[in-house]
Amino acid sequence: MSAKKKAASVIVIILMAVLNYLIFIGYSESASEKTIDVQVTLTSDTVQTMQMFYLESETDFSEEQSAAAAYEEANTEQTLVFSIPADVSVIRFDLGEAASVTEIQDISFVYGDGVISLSSDLLSEPEEMNGITGFSYENALLVEAADGDPYLAWDVSGCGIAQMVEEQDQVGVIVKKVIFCVGVDFVFILALVFSGMLWSLPKELVENRRLIFQLAKNDFKTRFAGSYLGIFWAFVQPIVTVVLYWFVFEKGLKAGGINTRAGITVPFVLWLIAGLVPWFFFQDSLNGGANALIEYNYLVKKVVFKISILPIIKIISAIFVHVFFIAFMIVMFAIMGFGVSLSYVQILYYSFCVFALSLGLGYLTSSIAVFFRDLTQVIGIVLQVGTWLTPIMWNFDGIGLPSALRIVFQLNPMFYVVEGYRSALIEHTWFWQTPVMTCYFWGLVVVVFVVGTVIFRRLQVHFADVL
């Protein structure tokens, strides 16, 4: 082993040890990342749907921060279950729209094996009531409600819900720390083993940067060559898509404003475009990167041409449109009263995240597409489904997903980017405030890039023969 290789190995081992230590002492999970069940045991004389609204910070109640359950058989004791975030501070129990007489025996908060019930003192003294014509407590809460919007609200911030969640998750957090450390170590070892191949491609890209930029500029221009309006068409389709989604959701389905986890209400069109802009960039980059070798097959057959630069040409070509939409998005935010903040600079960081992810996927998909042309059709379907699996048109924090399902959605790397755009533009938070998601994203990017470059290098000698 050479001295340079030994030095690199020592550095990697030191970094691994430091990161593992930081993970074990610094990683924790807040109650905001958890979901608990609120169980309401009651008897009512009316069959109807009841709702549990919740507040995580001081703001107004909204439909997006609520869960519903049906009381299905009159005059029978039933337990309704509502899934809400564990960092809840205030709950509001809506008794339905019809007049009713309801007896509430118990309200409990359940997480794992932990259970906290509202004390009789707290249950019998709601913070707020509306539409209640009769109210008494003796072993159970008896409520007479008028039709309209009757409800009872309690401040539960002092009930110890967050502490219960933390106690229940002690073992789980340790297991997650171990898994996280193993994942980090695996990424470092992978990068070390394939260091030669991993750095050879970036080196080639830097050496050919002028040629890459020139080809990317030509690619962008020739994409619309022959059309009367030229490159204007590159901007029409995304704008039409944004307008269409805005009209369907906000005007047709009455989506209204979106309440973020930080308690900020943002117009739906701004919330939508903050998710669509990075997705459009990723979609164009992945589609272009996958077809790069097929489209430029005449260059692949040239012996002296560096074909490793072809996937990045398509990604840089997509950047031209992306830059326009970033400017368009910032102007929309400014016009609608969201002033420019220093956190906006993170748009460059999250755009680079899409660039890095797309480049790794570009090497992987372009090399496979040469031999399996149907891959481009598969990518189209995956992107179509991904538009809905990524929280672009729907509010991830507002529909009360179970913890396990939340983790599944967060495994999508574009979840990190889309939520990052929104946090930078709306909540003005920074990417280092979500260290777990940041480490996961870049670990995944490294793995994808290593796998993509290895497959690209191994298959490269056969490209000219097949094309």
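Everything that follows concerns the structure shown earlier in this document.
Residues numbered from 1 in each chain as written. Predicted model: local features only at pLDDT ≥ 70, side-chain atom pairs only at ≥ 80, totals over all residues. Heavy atoms only, no water.

Novice: Help me understand the overall build of the chain, please; the structure alone is not making it clear to me.
Specialist: Looking only at helices and strands, the chain has 17 helices and 13 strands in total. Scored against the burial criterion, the 467 residues of the chain give a buried share of 48%. Sequence separation of 24 or more characterises 76% of the internal contacts of the chain that already satisfy a separation of 6 or more. Put simply, the chain shows about 22,700 Å² of open surface, and 63% of that area lies on carbon and sulfur atoms. (Helix = DSSP H or I, 4+ residues; strand = E, 2+ residues; numbered from the N terminus. Buried < 20%, exposed > 50% of the residue type's maximum accessible area, 1.4 Å probe, protein only. Contact = heavy atoms within 4.5 Å. Areas by Shrake-Rupley, 256 points an atom, 1.4 Å probe, with all protein chains shown as cover.)

Novice: Explain the packing of aromatic side chains to me, please; I cannot follow it from the model alone.
Specialist: Both the distance between ring centres and the angle between the ring planes are used here to describe each pair of aromatic rings. The tally for this structure, following the rule as stated, stands at 16 aromatic pairs. Centre to centre, the rings of Phe-324 and Phe-325 are 5.1 Å apart; their planes meet at 80 degrees, and the pair counts as edge-to-face. Owing to a relative accessible area of 33%, Phe-324 belongs among the partly exposed residues under this scheme. Note on Phe-325: relative accessible area 5%, which makes it buried. An aromatic cluster is present here, built from Tyr-349, Tyr-350, Phe-352, Phe-355, Tyr-416, Tyr-421, Phe-431, Phe-441 and Trp-442 joined pairwise through their rings. (Phe/Tyr/Trp six-rings, centres within 6.5 Å; stacked < 30°, edge-to-face > 60°.)

Novice: How should the pattern of salt bridges be read in this particular structure?
Specialist: Pairing of side chains with opposite charge becomes possible as their charged atoms draw close. Inspection of the entire model under this criterion finds two salt bridges. Here Glu-419 makes a salt bridge to Arg-422, at a shortest N to O gap of 3.7 Å. Linking Glu-419 with Arg-422, this pair stays in helix 15 (residues 413–427), spanning three residues, or about one helical turn. Accessibility expressed as a relative area gives 22% for Glu-419, which makes it partly exposed. (Salt bridge = Lys/Arg side-chain N within 4 Å of Asp/Glu carboxyl O.)

Novice: Could you clarify how one ought to interpret the packing of helix 12 (residues 346–369) against helix 15 in this entry?
Specialist: Following both chains from N to C, one finds helix 12 and helix 15 inclined at 170 degrees, their axes separated by 9 Å at the closest point. Classified by the angle their axes make, helix 12 and helix 15 are roughly antiparallel. Contact residues: helix 12 offers Gln-346, Ile-347, Tyr-349, Tyr-350, Ser-351, Cys-353, Val-354 and Leu-357, while helix 15 offers Pro-413, Met-414, Tyr-416, Val-417, Gly-420, Tyr-421, Ser-423, Ala-424 and Leu-425. Split into classes, the residues belonging to the contact of helix 12 with helix 15 amount to 13 nonpolar, four polar and no charged. (Axes fitted to C-alpha atoms, helices over the stretch in contact; angles between N-to-C directions. Parallel < 35°, antiparallel > 145°, perpendicular 65-115°, else oblique. Nonpolar A, V, L, I, M, F, W, Y, C, P; charged D, E, K, R; others polar.)

Novice: Can you help me understand the sheet that holds strand 8 (residues 128–130) in this one?
Specialist: To summarise the sheet geometry, strands pair through backbone hydrogen bonds and adopt either a parallel or an antiparallel arrangement. Taken in spatial order, the five strands make up an open sheet running 3-2-5-11-8, and their pairing is antiparallel. Lying at the two open borders of the sheet, with one neighbouring strand each, are strand 3 (66–71) and strand 8. Across this sheet, the average inter-strand angle for adjacent strands is 15 degrees, counted without regard to direction. Judged from the five bridges that link them, strand 2 (residues 48–55) and strand 5 (residues 90–94) form a sheet pairing that is antiparallel. Each bridged residue has a counterpart across the sheet, and for Phe-53 the counterpart in strand 5 is Arg-92. (Pairing = 2+ DSSP bridges.)

Novice: So what exactly am I meant to see when it comes to the environment of Ile-132 here?
Specialist: Checked against the element boundaries, Ile-132 lands in strand 9 (residues 132–137). Spatially, the C-alpha atoms of Ile-132 and Leu-152 are 8.3 Å apart, while their sequence positions differ by 20 residues. Among residues more than four places away in sequence, those in contact with Ile-132 are Leu-95, Val-143, Glu-144, Ala-145, Pro-150, Tyr-151 and Leu-152.

Novice: Is there a simple way to explain a nonpolar patch on the surface in this structure?
Specialist: Together, Ile-368, Phe-371, Phe-372, Val-378, Val-382 and Val-466 give the surface a local cluster of nonpolar side chains, amounting to about 480 Å² of exposed area. Relative to the assigned elements, Phe-371 resides in the loop between helix 12 and helix 13 (375–389). (Patch = residues over 30% accessible without salt bridge, like charges linked within 9 Å, V, L, I, M, F, W, Y side chains within 5 Å.)

Novice: Which parts of the structure should I look at to understand the nonpolar core?
Specialist: Membership of the largest hydrophobic core comes to 81 residues, with the highest contact counts inside it found for Phe-282, Leu-310, Met-329, Phe-333, Val-417, Tyr-421 and Leu-425. Here this core gets 15 residues from one element, more than from any other, and that element is helix 8 (residues 268–290). Apart from the residues lying within four places of it in its own chain, the contact partners of Tyr-421 are Ala-274, Val-277, Pro-278, His-322, Ile-326, Met-329, Ile-347, Tyr-350 and Ser-351. By size, the runner-up hydrophobic cluster in this structure holds 34 residues, among which are Phe-82, Phe-109, Val-143 and Ala-145. (Core = buried A, V, L, I, M, F, W, Y, C linked by side-chain atoms within 4.5 Å.)

Novice: How do you make sense of the pairing of strand 5 when you look at a structure like this?
Specialist: The two faces of the sheet receive side chains in turn, since in a regular strand these alternate between them. Within strand 5, five of the five residues are buried, which leaves the element mostly enclosed by the surrounding structure. For strand 5 and strand 11 (residues 151–155), the ladder comprises five bridges, and the chain directions are antiparallel. Each residue of the ladder has a partner; that of Val-90, found in strand 11, is Asp-155.

Novice: It is not clear to me how helix 12 should be interpreted in this structure. Could you clarify?
Specialist: Along an α-helix, a turn takes 3.6 residues, which lines up residues three or four apart on a common side. Taking 1.5 Å per residue, 24 residues should reach 34 Å; helix 12 reaches 33 Å between its end C-alpha atoms and fits that length. Among the 24 residues in helix 12, 21 count as buried, and that is most of the element. (Expected span 1.5 Å × (residues − 1).)

Novice: I tried to follow the packing of helix 12 against helix 16 (residues 435–459) on my own but got confused; where do I start?
Specialist: Packed helix pairs are specified by the crossing angle of their axes together with the interaxial distance, meaning the distance between the axes. Contact pair helix 12 / helix 16: the axes reach a minimum separation of 7 Å and the direction vectors enclose 30 degrees. Between helix 12 and helix 16, the angle falls in the class roughly parallel. Of the two possible hands of crossing, helix 12 and helix 16 adopt the one that is left-handed. Contact with helix 12, carried on its side by Tyr-349, Phe-352, Cys-353, Ala-356, Leu-357, Leu-359, Gly-360, Leu-361, Tyr-363, Leu-364, Ser-366 and Ser-367, involves Thr-438, Phe-441, Trp-442, Val-445, Val-448, Phe-449, Val-451, Gly-452, Thr-453, Ile-455, Phe-456 and Leu-459 of helix 16 and no other residues of that element. In terms of residue class, the contact of helix 12 with helix 16 is built from 18 nonpolar, six polar and no charged. (Left-handed = near helix turned anticlockwise from the far one by under 90°.)

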